[in-house]
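Examining the three-dimensional arrangement
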Amino acid sequence: MVNWSRGPETAECAAVVRAAIEQRHLDEDVQSVVFHDMDLLSQRFDALRSAFPVSTLHAVAIKANPLVEVLKHVVGRGAGLEAASIEEVEIALAAGCDPSRIVFDSPAKTAAEICRALDLGVMINADNVAELRRLADLRRADHRSVIGVRVNPMVGVGRIATTSVAGTDSKFGIPLDRARAELPALLEEMPWITALHVHVGSQGCSLDQLLDSAVAIEALRVQLNGGLGTDRIDVVDLGGGLPSVYTSTDDVIAPDEYANALRRLVPSWFDGTVRLVTEFGRVLQAHCGWAVSRVEYVKRIGDARLAVVHLGADLLLRAVYRPEDWSHRLASLDASGEVPTGDPIPWTVGGPLCFAGDIIGRDVPLVDVRAGSLVLIRDIGAYTMSMWSRHCSRGLPLVLGHAATSSGSDLSVIRRAESPGDVAAFWSVDGGRGASGPGEDH
Ligand SMILES: Cc1ncc(COP(=O)(O)O)c(C=O)c1O
């Protein structure tokens, strides 16, 4: 049974940290290391697959975690990839994904990007009628891309407004009422449209919203096919949106619970009539990622104890700006990766960036925090590295994948750390790619 509510516990992370120290990935001068649990990722992806019909294309959302080695891992287990930009299409290709298993979803696709996607044969979900007209101009009869239309299912806003996209004022898709009215004529005009796409939001959406969206899109599909007198619309892309658990009040919705509810409500999605596409990101990745960051200083601020670490709003942008909506479980480890014993006391954990709000935890009960020890930050596998901020120009930390072996942990480098020279090169005229400039030495 896959645990959908938590990732690796402190003791498990500590054992991996000790292996990283032994292999010299975490010498005393290393500030932070990010880890990704490849076993948990495999288990979650396999469980997702077994919950849905075998023909389902599970296009894992790259925006949740674009690290190519992480994407290769799921592609190797049968995943496709969902790309929110043409750059993510290139990332998908770099991860070895077959173009026919890439879904291109940007709401701002240029003509050139559409041509590239058509030439590759990736699935394209058009966001709006103007984009459909652009597609009509650009596509040729020999293009193989599956073309879908994004519909806003209008099931309302979830707990977090900024990550909800099915409200009346959403910037995405064709609103359901307009889709009902306008798509029949458009489908007559554009016989190459064969798919419908919905996405409700990412985190904070309820199971009821996801199911209402499914019922709405299936009713639309039946209406459209009825009007056409065919079964042409035979692909339904459900989007992503299954929540992850960050706090004890977050909902756990296991993919099999979602799939079972869908099977009851929309049987035609499970009997071979329709080919399903999913675009999950967060529910697969969030718990797989965790990090350790070294405590550089401890100080007293009024009555509070502050520990200054090396990861802050650069990695945990949302948690820092909207702590009421996003949080990450913190714990302490000593410098050798052991779990300290003793009574916890409340700590404020501050990041390294030069603004007052760069705080990743307040009043967090932590044991024996001191300069040189480590703070463990959990549940950072989704929408963290992909939102890395260049504010204060700190380098990306080393990312290691870990997988269990009979004798301990197998560690692999997923992405090497950026050096100060790499970052200086990033900000230079040619981004460090040219023959001269600060990147040359690195
Ligand atoms: C169109 C689309 N599909 C899929 C996703 C992935 O959502 P999640 O990571 O919540 O599963 C997103 C995220 O915002 C999205 O915009």
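Residues numbered from 1 in each chain as written. Predicted model: local features only at pLDDT ≥ 70, side-chain atom pairs only at ≥ 80, totals over all residues. Heavy atoms only, no water.

Quick look at the packing of aromatic side chains now. Each aromatic ring pair is described using two quantities: the centre-to-centre distance and the angle formed by the ring planes. With the rule as written, the count across this model stands at 7 aromatic pairs. Where Y246 meets W326, the ring centres are 6.0 Å apart and the plane angle is 80°; that geometry is what we call edge-to-face. Separated by 80 residues along the polypeptide, Y246 in the loop between β9 (235–237) and α9 (255–265) and W326 in the loop between α11 (317–321) and β14 (330–333) bring together distant segments of the chain. A relative accessible area of 6% means that Y246 is categorised as buried. For W326, a relative accessible area of 6% translates into the label buried. Here the aromatic rings of Y321 and F355 are separated by 5.8 Å at their centres, their planes lie at 15°, and the arrangement is stacked. Of this pair, Y321 sits in helix α11 while F355 sits in the loop between β15 (345–350) and β16 (359–366), and the two are 34 residues apart along the sequence. Looking at Y321, the relative accessible area reads 52%, which means it is exposed. F355 sits in the partly exposed class, given a relative accessible area of 23%. Counting every residue linked through ring pairs, the aromatic cluster contains F52, Y258, F270 and F280. (Phe/Tyr/Trp six-rings, centres within 6.5 Å; stacked < 30°, edge-to-face > 60°. Helix = DSSP H or I, 4+ residues; strand = E, 2+ residues; numbered from the N terminus. Buried < 20%, exposed > 50% of the residue type's maximum accessible area, 1.4 Å probe, protein only.)

Glancing now at the site of the ligand. Contacts to the ligand come from 14 residues, most closely from S202, G241, E279, R282 and Y383. One of the side-chain nitrogen or oxygen atoms of E279 is found 2.7 Å away from a nitrogen atom of the ligand. The backbone of G281 places a nitrogen or oxygen atom 3.0 Å from an oxygen atom of the ligand. If the ligand stood free it would expose 400 Å²; the protein chains cover 91% of that surface. When the residues that make up the shell around the ligand are grouped by side-chain class, the tally is 3 nonpolar, 5 polar and 6 charged. (Near = heavy atom within 4 Å. Polar contact = N/O pair within 3.5 Å; in protein donor to acceptor, adjacent residues only side chain to side chain. Areas by Shrake-Rupley, 256 points an atom, 1.4 Å probe, with all protein chains shown as cover. Nonpolar A, V, L, I, M, F, W, Y, C, P; charged D, E, K, R; others polar.)

Quick look at the nonpolar core now. Core analysis: the biggest nonpolar cluster contains 117 residues, and F52, L81, L183, Y258 and W269 have the highest contact counts within it. Viewed by domain, this core spans two of them, domain 1 (10–36 + 287–426) and domain 2 (38–283), each represented by three or more residues. If sequence neighbours within four positions are ignored, F52 has contacts with H58, L238, P255, Y258, A259, L262, F270, L276 and T278. Membership of the second largest hydrophobic core comes to 18 residues, among which are A14, F35, L333 and L411. (Core = buried A, V, L, I, M, F, W, Y, C linked by side-chain atoms within 4.5 Å. Domains from an automatic or database assignment. Contact = heavy atoms within 4.5 Å.)

Attention now moves to the pattern of salt bridges. Scanning the model with the defined rule gives 20 salt bridges in all. Residues E338 and R18 are paired through a salt bridge, measuring 3.5 Å at the closest nitrogen-oxygen approach. You can see E338 sitting in the loop between β14 and β15 and its partner R18 sitting in helix α1 (residues 10–22), a full 320 residues away along the chain. We classify E338 as partly exposed; its relative accessible area is 38%. Within the structure, one salt-bridge network assembled from shared partners comprises R6, E9 and R378. (Salt bridge = Lys/Arg side-chain N within 4 Å of Asp/Glu carboxyl O.)

The assigned domain composition of the chain is domain 1 (10–36 + 287–426) and domain 2 (38–283). Domain 1 and domain 2 are separated by 33 Å when their C-alpha centres are compared. Interface area, domain 1 with domain 2, both sides summed: about 2,100 Å², of which 60% is carbon and sulfur. When the area that domain 1 buries against domain 2 is broken down by residue, the three leading residues are H287, W326 and Y383, summing to 32%. Remark: the boundary between domain 1 and domain 2 carries 0 salt bridges. Where domain 1 meets domain 2, there are 9 residue pairs in polar contact (both at pLDDT 80 or more). Among the elements that take part in the side of domain 1 that touches domain 2, strand β18 (residues 398–405) stands out by supplying 5 residues, more than any other. Grouping the constituent residues of the side of domain 1 that touches domain 2 by class yields 8 nonpolar, 8 polar and 5 charged. (Buried area = accessible area lost by both parts, 1.4 Å probe.)

Looking at the element boundaries, R221 is found in helix α8 (residues 207–228). Contacts of R221, omitting those with residues within four sequence positions, involve L196, I233, D234, V236, S268, T273 and V274.

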